[in-house]
Amino acid sequence: MPYRVDMHSTPSGIIATQVRRRRRQLDLNRQQLADKCAQIGAPELTLAALTNIETGRPDRSGKRRRDITVDELLTLSHALGVHPVDLMVPGDAADDEPYYVTPEVSTTAV
């Protein structure tokens, strides 16, 4: 599936989408992913925390309330068997496809 960026994407939103996509590819439910995270030393990534990460707990305006930390990114990438950058910028993204650095600024790999 091509990587698409819309005007409302954020780095945490992109990572959350990729976490959900990879988790489903591995046929894991959120509790199983939480268990894997606990096994590698991140028991704070519970079922509830993963639900909040994947959904972003949007407020009334649709803005994410729950961003993803670097620590969580590293743990999730390890638990899902991918490099952290693969959660930030999907592997099937073309070098010239944009990804967000901040909600207002995007860039490409080249």
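A short tour of the structure in this document, coming up. Here the structure is a predicted model, which means the values were calculated and not measured. (Residues numbered from 1 in each chain as written. Predicted model: local features only at pLDDT ≥ 70, side-chain atom pairs only at ≥ 80, totals over all residues. Heavy atoms only, no water.)

### Digging into the overall build of the protein
Logical step 1: Within the protein, the regular secondary structure consists of five helices and two strands.
Logical step 2: Secondary structure elements in the protein, listed N-terminal to C-terminal, are α-α-α-α-α-β-β.
Logical step 3: When each of the 110 residues of the protein is scored for burial, the buried share is 34%.
Logical step 4: For the protein, the accessible area works out to roughly 6,800 Å², and carbon and sulfur atoms hold 52% of it. (Helix = DSSP H or I, 4+ residues; strand = E, 2+ residues; numbered from the N terminus. Buried < 20%, exposed > 50% of the residue type's maximum accessible area, 1.4 Å probe, protein only. Areas by Shrake-Rupley, 256 points an atom, 1.4 Å probe, with all protein chains shown as cover.)

### Observations regarding unusual backbone geometry
Logical step 1: In this structure, D27 is a non-glycine residue whose phi angle is positive, near 60 degrees.
Logical step 2: The residue D27 is located in the loop between α1 (11-25) and α2 (30-39) in this model.

### Here's the deal with the nonpolar core
Logical step 1: If you look at the biggest cluster of nonpolar residues, it comprises 18 residues, and the most contacted ones within it are V19, L33, C37, L45, L50, L76 and L87.
Logical step 2: Sorting the residues of this core by element identifies α1, α2, α3 (47-55) and α4 (70-80) as the ones contributing at least two each.
Logical step 3: No other element matches the four residues that α4 contributes to this core.
Logical step 4: In this structure L76 touches V19, L33, C37, L45, L50, I53 and L87, once residues within four positions along its chain are discounted. (Core = buried A, V, L, I, M, F, W, Y, C linked by side-chain atoms within 4.5 Å. Contact = heavy atoms within 4.5 Å.)

### Comments concerning the pattern of salt bridges
Logical step 1: One pass over the structure, following the stated rule, counts four salt bridges.
Logical step 2: The partner of R30 in a salt bridge is E54, with the nearest N and O atoms 2.8 Å apart. With R30 in helix α2 and E54 in helix α3, this residue pair connects regions lying 24 residues apart in the sequence.
Logical step 3: The network of salt bridges with common partners includes R23, R30 and E54. (Salt bridge = Lys/Arg side-chain N within 4 Å of Asp/Glu carboxyl O.)

### Comments concerning the environment of A16
Logical step 1: Locating A16 in the fold gives a position in helix α1.
Logical step 2: A relative accessible area of 1% means that A16 is categorised as buried.
Logical step 3: With 52 residues separating them along the chain, A16 and I68 place their C-alpha atoms 7.9 Å apart.
Logical step 4: Beyond its immediate sequence surroundings of up to four residues, A16 is in contact with I53, E54, R64 and I68.

### Describing the side chain of S77
Logical step 1: Looking at the element boundaries, S77 is found in helix α4.
Logical step 2: With near-sequence residues (within four places) excluded, S77 lies in contact with V82, H83, P84 and L87.

### What to know about the side chain of E72
Logical step 1: Examined against the element boundaries, E72 turns out to sit in helix α4.
Logical step 2: Using a relative accessible area of 10% as the deciding quantity, one classes E72 as buried.
Logical step 3: One polar contact links the side chain of E72 to the main-chain amide nitrogen of T69, over a distance of 3.0 Å.
Logical step 4: If we ignore the near neighbours within four places in the chain, the residues touching E72 are L45, I53, R66 and D67. (Polar contact = N/O pair within 3.5 Å; in protein donor to acceptor, adjacent residues only side chain to side chain.)

### Brief notes about α2
Logical step 1: Within α2, burial applies to L33, A34 and C37. In a view along the axis of α2, the buried residues occupy a sector of 105 degrees, so they form one face of it.
Logical step 2: Check the buried side of α2 and you find it contacts α1, α3 and α4.
Logical step 3: At the C-terminal side of α2, G41 shows a positive phi close to 105 degrees. (Arc of directions from axis to C-beta.)

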